[in-house]
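# Observations on the three-dimensional arrangement
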Amino acid sequence: MANSAILWFEDIGIEDVPSVGGKNASLGEMVRALARSGVRVPFGFATTAAAFRSFVSASNIEPAMREQIERYHMGKASLQQAGGSIRDLILGAPIPEELNNAICGAYEELAVRVGVDTLAVAVRSSATAEDLPGASFAGQHETFLNVTGHGALLDACRRCYASLFTDRAISYRDANHFDHFDVALSIGVQQMVRADLGGSGVIFTIDTETGFPRVAIISAAWGLGETVVQGSVDPDRYVVFKPLLDTPGISPIIEKTCGAKAIKMVYDQVSSTHTRITDTSSAERRTLVLGDNEVLELARWAVAVEKHYGCPMDLEWARDGNTGYLYLLQARPETVQSELGASVLQNYTLKTDAVPILTGAAVGSAVAAGKACVIRDASDIARFPEGAILVTANTDPDWVPVMKRAAGIVTDHGGSTSHAAIVSRELGVPAIVGTGAATTMLHEGQEITISCAAGEEGKVFAGLLEFEHEEIDLGSLPETRTQVMVNLAEPGAAFKWWRLPAKGVGLARMEFIINTLIRIHPMALLHPDRLDRDERRKIAKMTSDYPSPPDYFVERLAQGIARLAAPYHPQPAIVRLSDFKTNEYAHLIGGKPFEPAEENPMLGWRGASRYYDERYREGFALECRALRRVREDLGFTNVVIMVPFCRTPAEADEVLETMAANGLKRGQHGLEVYMMCEIPSNVILAEEFAKRFDGFSIGSNDLTQLILGVDRDSELIASLFDERDAAVTIAIADAVIKAHKSRIKIGICGQAPSDFPEFAAFLVHEGIDSISLNPDSFVRTLTAIAAAERALCLP
């Protein structure tokens, strides 16, 4: 029995799933194959499936177990009755002496290996149908932490065996068509990492909402990791761009978000679970759990595991508070996004603008509408009506049956790696987690719409809003000579469009990042003395997690730009410097003291004229710092800088000189600088501007209004605004000719090619190098461009 009942992790591989289950087989695989790469896994051993079957056989309880399942399937017993009876049978059965001795002997040897007299261990269930590519069985079986001594270990093992027949596990196997008695349970016994004194969390090697495969998503909280998995804590979140991890001197962390982390789980020898929940300190709530080096180490381990397994992975990690060492505790295949094809894009769009009443982390990319059903306790789930929106504090595996019947889910707590998020993805149900107040702000029967379609922030709206669902087939799109790119503005939604076959980002709007992620006027961060008391307090609160207020601006802007540059890396990402008008800048927090009131801001102090002006030069220096950080620290050398609204060649010289003084010298470290071609002088003097820039991008909106003398914001003369007017097309054709004569690239990033197929055909005829489109019009305009090229017999 001893030899067949116990296997040490170093003797286990992924081929041993039938013997030790998916979880333990994966731990053994990491120990055996990746330890030499620096991946650290706690020591441990596994009981085998044969041991479980011998336990059931020795006590002769299988016939009674089968009878209970049959009664449940025939409707003679409820799920709760059948599951409870089977668990009682298992908990009342003695562990055979040989298995008892084998487990206790291995536990004593593990203590010797670790070098302690009294060893605390984690005791984890590992079913032979768990953690497989097609079925995660997330949270279906039990784990027991901080287990010490023979008696407690054997009790935990028996409880693990019983958890094979929890109500949720029975329901899950039935739904996934697994035979209950074909599945056995192995138990993993691992050295307990003192994460209660450190921290822990989860890693995905793929963006779990969009399927973007080139990032690792890490969540982190203080204490033991069960709070992250259960969704009872709002964790820190880190996003790492995997392709740049091995670039020397680069730290490609493109997001760091500090979660609330209001509670943590720690050891407790008194309670029956050996753990307890306690509040975190105010310092812990304000502090990120992981330092940058730790984030990068975990990300490199995750990439190594993913490469070894050949598929996206879902991992659990912990940091020992005594030693500071990081460990991987579990590894399993990601089971949702990795199963979807890259050739089909699902796109949901709300048809009306509305103000959300709640926001949280979006799970999935869909929209759902229905009546709210507020449930605060799992004992009330029987009253949940089919197709309602489930509103609750957080979920655990007992909620799976009701989650299957929900049109959508909204929770108070949890992050993107919580149980609610994982199961919602697997079920294909949109969810918004971590709203903070869903159960208090939403009431029973209230009609609501939840949208996960606009990026990482999920939004809850009052009422039943109309929305559209479009399934876009990307598999049959034609190739084009013209480089077709995308315009991106919202960093949180950038990964959504990674499947589009774009040749890069033709326009990334810096002012949109400032307006949504920063919200504070850069000069207000540098000169708080010019603000009133309320604004100073608001800014102090918003920037408190950063070394200084200017660092808040630089860090958030850099991370926002990096997210826009990531989806199509190493293709170019053309980032336009800020192009707010003075009235728009004034609406930022602290903006009014720094912005003059202009009669016509559209033609006033905007674009290039601000960057070298003493009234904004310091603010522009922060923009430059952020761009340097993106290129030099985060590693996105594919970022191209574009100067907007540059009126004269002399002004271009001023801007380029100011950029160089701030460490952004054209040509240095491969830096390219483009100019928006959007003023008549840009076309008339195109050869002169071409001596100063590496490329042009036509801004058809401003160019049209300035050539035709039409205010593009005026409803009175809106009918006169037309990019297809001969005066405009002649100017564009002239700009293309002059750019090519000067041997620089020229593209367009306006809306006209999307709105008018004939305008796209005109651009192709003129030989424009690139056309950048809004993502939602990319497919249809690409088709029009290809048709225009065929008509011209272009290769």
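Note that the structure is a prediction, hence the values are computed from the model and not measured.

Rules behind the numbers
Residues numbered from 1 in each chain as written. Predicted model: local features only at pLDDT ≥ 70, side-chain atom pairs only at ≥ 80, totals over all residues. Heavy atoms only, no water. Core = buried A, V, L, I, M, F, W, Y, C linked by side-chain atoms within 4.5 Å. Buried < 20%, exposed > 50% of the residue type's maximum accessible area, 1.4 Å probe, protein only. Helix = DSSP H or I, 4+ residues; strand = E, 2+ residues; numbered from the N terminus. Contact = heavy atoms within 4.5 Å. pLDDT = per-residue confidence, 0-100. Pairing = 2+ DSSP bridges. Polar contact = N/O pair within 3.5 Å; in protein donor to acceptor, adjacent residues only side chain to side chain. Phe/Tyr/Trp six-rings, centres within 6.5 Å; stacked < 30°, edge-to-face > 60°.

## Focus: the nonpolar core
Core analysis: the biggest nonpolar cluster contains 110 residues, and Phe636, Val643, Met659 and Phe696 have the highest contact counts within it. In terms of residues, this core owes the most to one element, helix H18 (residues 549–565), which gives nine residues. Setting aside anything within four residues of it in sequence, one finds Met659 in contact with Leu577, Phe620, Cys624, Ile641, Val643, Leu664 and Val673. The next biggest cluster of nonpolar side chains, apart from the first, holds 47 residues, and it includes Ala5, Cys104, Val147 and Leu185.

## Concerning the confidence of the model for the protein chain
Counting all residues, the mean pLDDT for the protein chain is 92, and 97% of those residues have values of 70 or more. In the model, residues 131–137 has pLDDT below 50 throughout and makes 26 contacts with residues more than four positions away in sequence or in other chains.

## Overview of the pairing of strand S30 (residues 770–773)
What you see with S30 is no split at all: Ser770 and Ser772 on one side and Ile771 and Leu773 on the other are buried throughout. Summarising the sheet, strand S23 (residues 483–488) and S30 pair through four bridges and their orientation is parallel. Within S30, the position partnered with Gln483 by the bridge is Ser770. When strand S29 (residues 745–748) meets S30, the two strands line up parallel, connected through two bridges. For Gly747, the partnering residue across the bridge sits in S30 and is Ser770.

## Some words on the environment of Ala127
Note that Ala127 resides in strand S3 (residues 120–127). Look at Ala127 and you get buried, because its relative accessible area is 1%. The spacing of Ala127 and Val183 is 56 residues in sequence and 6.7 Å in space, taken between C-alpha atoms. Excluding its chain neighbours within four sequence positions, the residues that come into contact with Ala127 are Gly21, Gly22, His141, Leu164, Val183, Ala184 and Leu185.

## What about the side chain of Glu511?
Position of Glu511 among the secondary structure elements: in helix H15 (residues 510–518). Within polar-contact distance, the side chain of Glu511 engages the side chain of Arg576 at 2.5 Å. Residue contacts for Glu511: discarding those within four places in its chain leaves Arg576, Leu577, Ser578, Asp579 and Phe580.

## Overview of the packing of aromatic side chains
Any pair of aromatic rings gets described here by the distance separating the centres and the angle formed by the planes. Under the definition given, this model contains 13 aromatic pairs. Plain terms: the ring middles of Trp8 and Phe45 are 5.4 Å apart, the flat faces sit at 65° to each other, and that makes the pair edge-to-face. On the criterion of sequence distance, the pair formed by Trp8 in strand S1 (residues 6–8) and Phe45 in strand S2 (residues 44–47) is long-range, its members being 37 residues apart. As far as burial versus exposure is concerned, Trp8 and Phe45 are alike and both buried. Seen in terms of ring centroids, Tyr585 and Tyr616 are 5.5 Å apart; in terms of plane orientation they differ by 50°. Their pairing is tilted. Residue Tyr585 is located in helix H19 (residues 582–586), and its partner Tyr616 is located in the loop between helix H20 (608–611) and helix H21 (617–633); the two are separated by 31 residues in the primary sequence. Assessed through its relative accessible area of 0%, Tyr585 is described here as buried.

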